[in-house]
Amino acid sequence: MSDVLLNVQDLRISIPTTHGLVHAVNGISYEVMRGEIMGIIGESGSGKSVSSYAVMHLLPENFIVESGKVFLDGEELLHKSNAEMQAYRGKKISMIFQDPLSCLDPVYTIGYQLTETILAHENISKKEAQTRAKEMLHAVGLRDVDRLMNQYSFEISGGMRQRVMIAIALVCSPKLLIADEPTTALDVTIQDQILRLLRKLSEENRMTMIFITHNFNVAAQICDRVSVMYGGHIMEQGPIADVFANPAHPYTQAILNAMPKMNTSPEERLTPIPGEPINPVHMPAGCPFHPRCSLARKICKEEFPAETIISDKHFAYCHRLEETADE
Ligand code: SF4
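Since the model is a prediction, treat every value here as computed from it, not as a measurement. (Residues numbered from 1 in each chain as written. Predicted model: local features only at pLDDT ≥ 70, side-chain atom pairs only at ≥ 80, totals over all residues. Heavy atoms only, no water.)

Explain the sheet that holds strand E2 (residues 20-33) to me, please; I cannot follow it from the model alone.
Strand pairing in a sheet is mediated by backbone hydrogen bonds. Such pairs are either parallel or antiparallel. An order of E2-E1-E4-E5 is seen for the four strands of this open sheet, with the pairing classed as antiparallel. The open sheet has two edge strands, E2 and strand E5 (75-76), and neither has a second partner. Along the sheet face, helix H1 (residues 48-55) touches strand E1 (4-17), E2 and strand E4 (64-72) and points at about 115° away from the line of E1. (Pairing = 2+ DSSP bridges. Helix = DSSP H or I, 4+ residues; strand = E, 2+ residues; numbered from the N terminus. Contact = heavy atoms within 4.5 Å. Axes fitted to C-alpha atoms, helices over the stretch in contact; angles between N-to-C directions.)

Quick look at the structure:
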């Protein structure tokens, strides 16, 4: 059995708009190993969510997958029909979202939603499904589960709702979990608890995860490797510790410089990333970061850079990497 669970090859996605075709994802390729947590970091419009939703066939109908292949455990997914994907969603790939309120149905009890998810994929009795549902609620750290099974999503706290959504996502033991900014709406204490819980569940079940975030500190807490995206491209990828300690790409460096550190004094000013966030309707040619990059040269406006290896499993796409490394 291959160590690679997910293999994305040359994925390109565009979105028709009244202003023309927006190239949201521009030929990204990456692999995620079994049991690994891969972070995808980027600001809005970077293509991080669009590329991940494509894996689950959850893109809006008007989005166009122009090219690419997505292999899960060796099976190509992009060319499967929606009916075929029903068997994959929940059972082989699952997803947790930023806002559990928009995913949990307020007219059904939590117990009903969990047991229905199990019964849709497993040939077991309702009683067995209810027992499994309670075990899963326990596993995500919830207490008084008999009562919780009969409650509605609007009756519990935000942190509990996020745990319920994780329970629903994991109750059929998916091979791959896609977590889309799952802690952004939570306060820092609950955020920390949810990140620890996801890490623990991933380690216990050797579950592979794609963790989408705009926050490097959150990625550093949970991810093994990260892909930094900008303008629909992967700009840098590597083990989280290497990328954090030795960011190679000017965009990654700019994100890290804009973040407060543990030793930042209240008087110290952070360095914002210059310029405006990318407008995908007017995607710059060449390296999409060039309008904001102080190192940009003529070639940056004309050609997207080739891959430069920084160290084992750590690489980046920038025309000036070798030059700046020598300085
Ligand atoms: Fe800056 Fe050029 Fe590197 Fe892009 S390729 S990050 S514009 S130096």
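There is more to say after this.
What's the story with unusual backbone geometry in this structure? I'm lost.
Trans is the prevailing form of peptide bonds, just as negative phi is the prevailing case for residues other than glycine. In this structure, aspartate 73 is a non-glycine residue whose phi angle is positive, near 55°. Mapped onto the elements, aspartate 73 comes out in the loop between E4 and E5. Take aspartate 73: its relative accessible area is 30%, and that puts it in the partly exposed class. Its identity as a non-glycine residue notwithstanding, lysine 313 has a phi of 65°, on the positive side. (Buried < 20%, exposed > 50% of the residue type's maximum accessible area, 1.4 Å probe, protein only.)

Got a minute to help me understand the side chain of threonine 208 in this structure?
Relative to the helices and strands, threonine 208 is located in strand E8 (residues 208-213). Polar contacts involving the side chain of threonine 208 include one to the main-chain amide nitrogen of glycine 35, which spans 2.9 Å. Among residues more than four places away in sequence, those in contact with threonine 208 are Leu5, Val32, Met33, Arg34, Gly35, Glu36, Lys175, Leu176 and Leu177. (Polar contact = N/O pair within 3.5 Å; in protein donor to acceptor, adjacent residues only side chain to side chain.)

Even after reading the chapter, I still don't get the site of the ligand, so can you show me in this structure?
With respect to spatial proximity, 13 residues lie near the ligand, and among them Cys287, Cys293, Cys300, Cys318 and His319 are the closest. Assessed atom by atom at 2 Å from the grid points, the ligand resides in the largest cavity. Looking at the shell around the ligand, its residues break down into nine nonpolar, three polar and one charged. (Near = heavy atom within 4 Å. 1 Å grid on protein atoms, 1.4 Å probe; cavity = no way out; pocket = protein on both sides within 12 Å on 5 of 7 lines; lining within 4 Å. Sits in = over half its atoms within 2 Å of the grid points. Nonpolar A, V, L, I, M, F, W, Y, C, P; charged D, E, K, R; others polar.)

What is the right way to look at the pairing of strand E3 (residues 37-41) in this model?
Across the five residues that make up E3, a large majority, five, are buried. Because side chains alternate across E3, one face comprises the buried residues Ile37, Gly39 and Ile41, and the other comprises Met38 and Ile40, equally buried. Examined bridge by bridge, E3 and E8 share five bridges and lie parallel to one another. Looking across to E8, one finds that isoleucine 37 is bridged to methionine 209. Looking at chain direction, E3 and strand E9 (residues 225-230) are connected through four bridges and run parallel. In the sheet register, isoleucine 40 faces E9, and the bridge partner there is serine 227.

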